[in-house]
Amino acid sequence: MSSVTEAVRRRPMLTVVGVLIVGAIIYFAIIAAQTKPAVDQVAPSPLLYRPAPALSGPSLYSHSTISLRQFRGHFVLVNYFASWCSSCATEEAQIAALARSAAVTVLGVYYDDSPGPARRFLSLYHAHFPVLQDSNGANSLRWGVSAPPESFLIAPNGIVLAKIVGPTTVRIVDALVTLAQQKGY
């Protein structure tokens, strides 16, 4: 049998394999396009719709103490972050923009980090908002934080409305605040 005859016989098989591969790629692309990214998902938490746990500690920038209670009457985004966390770096410009907006007050809590690196990290993103130290991890444990970034939206009355696991954005937080306001918070 000549090599030309073999090539002609293999061509239909190669065509079928090629069509199957292209079909599989299209199938997985459609599935991926319909799946919500993890960063757009609000996570379950036993804290939801309950009063926020106590949260206080020394300020990252001064010798004063910061407490979540200071911000009662405002929507607050409690954001756990770390300077060594690449996902935190992904979201930090968004957190800094939120802090400059009027929609929400940002309260940062640095997680498993040191003051110097935390300050340098925040300065890279021109992030100017209150940050408290959690050097012994007690606050993180009380809030159920397992790895940064994790954020919690707190209603003006002190109720935890949402837990966001992974990097968040201004768009996500604004949508959550709008929804909370529509529900009367």
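Our structure's up above, just so we're on the same page.
None of the values given here were measured: they were computed from a predicted structure.

Colleague: When you look at the overall build of the protein in this model, what are you seeing that I'm missing?
Modeller: Looking only at helices and strands, the protein has 5 helices and 8 strands in total. When the helices and strands of the protein are placed in sequence order, the string is α-β-β-β-β-α-β-α-β-α-β-β-α. Across the 185 residues of the protein, 38% fall into the buried class. Of all intrachain contacts in the protein linking residues separated by at least 6 positions in sequence, the fraction that spans at least 24 positions is 73%.

Colleague: Help me understand the nonpolar core, please; the structure alone is not making it clear to me.
Modeller: By size, the foremost hydrophobic cluster in this structure holds 30 residues, and its most contacted members are Phe75, Phe81, Leu122 and Leu153. Of all the elements, helix 5 (residues 170-182) adds the most residues to this core, at 5 residues. Ignoring sequence-local partners within four residues, the contact set of leucine 122 consists of Leu60, Tyr61, Phe81, Glu92, Ala127, Phe129 and Val131. Leu47, Phe71, Val109 and Trp143 belong to the second largest nonpolar core, which has 17 residues in total.

Colleague: Would you explain the pattern of salt bridges in this entry?
Modeller: Side chains that differ in sign of charge can pair as their charged atoms come close. A full pass over the atoms with the stated rule returns 1 salt bridge. Note that lysine 163 and glutamate 150 form a salt bridge whose closest N and O atoms lie 3.3 Å from each other. Of the two residues, lysine 163 is situated in strand 8 (residues 160-165) and glutamate 150 in strand 7 (residues 150-154); the sequence distance between them amounts to 13 residues. Exposure class is identical for lysine 163 and glutamate 150. Each is buried.

Colleague: How should the packing of aromatic side chains be read in this particular structure?
Modeller: Geometry of an aromatic ring pair is reported as the spacing of the ring centres plus the angle between the planes. If you walk through the whole model with that rule in mind, you get 5 aromatic pairs. On the numbers, 6.4 Å between centres and 50 degrees between planes, the contact of tyrosine 80 with tryptophan 143 is tilted. One end of the pair, tyrosine 80, is in strand 4 (residues 76-81); the other, tryptophan 143, is in helix 4 (residues 138-143), and 63 residues separate them in sequence. Tryptophan 143 matches tyrosine 80 in its accessibility class, with the two residues each being buried. With centroids separated by 5.8 Å and ring planes inclined at 15 degrees, the aromatic side chains of phenylalanine 81 and phenylalanine 121 adopt a geometry described as stacked. With phenylalanine 81 in strand 4 and phenylalanine 121 in helix 3 (residues 115-124), this pair connects stretches of sequence that are 40 residues apart. Across the pair, exposure class does not vary: phenylalanine 81 and phenylalanine 121 are buried alike. Taken together, Tyr80, Trp143 and Phe152 form an aromatic cluster joined through their ring pairs.

Cut-offs and rules
- Residues numbered from 1 in each chain as written.
- Predicted model: local features only at pLDDT ≥ 70, side-chain atom pairs only at ≥ 80, totals over all residues.
- Heavy atoms only, no water.
- Helix = DSSP H or I, 4+ residues; strand = E, 2+ residues; numbered from the N terminus.
- Buried < 20%, exposed > 50% of the residue type's maximum accessible area, 1.4 Å probe, protein only.
- Contact = heavy atoms within 4.5 Å.
- Core = buried A, V, L, I, M, F, W, Y, C linked by side-chain atoms within 4.5 Å.
- Salt bridge = Lys/Arg side-chain N within 4 Å of Asp/Glu carboxyl O.
- Phe/Tyr/Trp six-rings, centres within 6.5 Å; stacked < 30°, edge-to-face > 60°.

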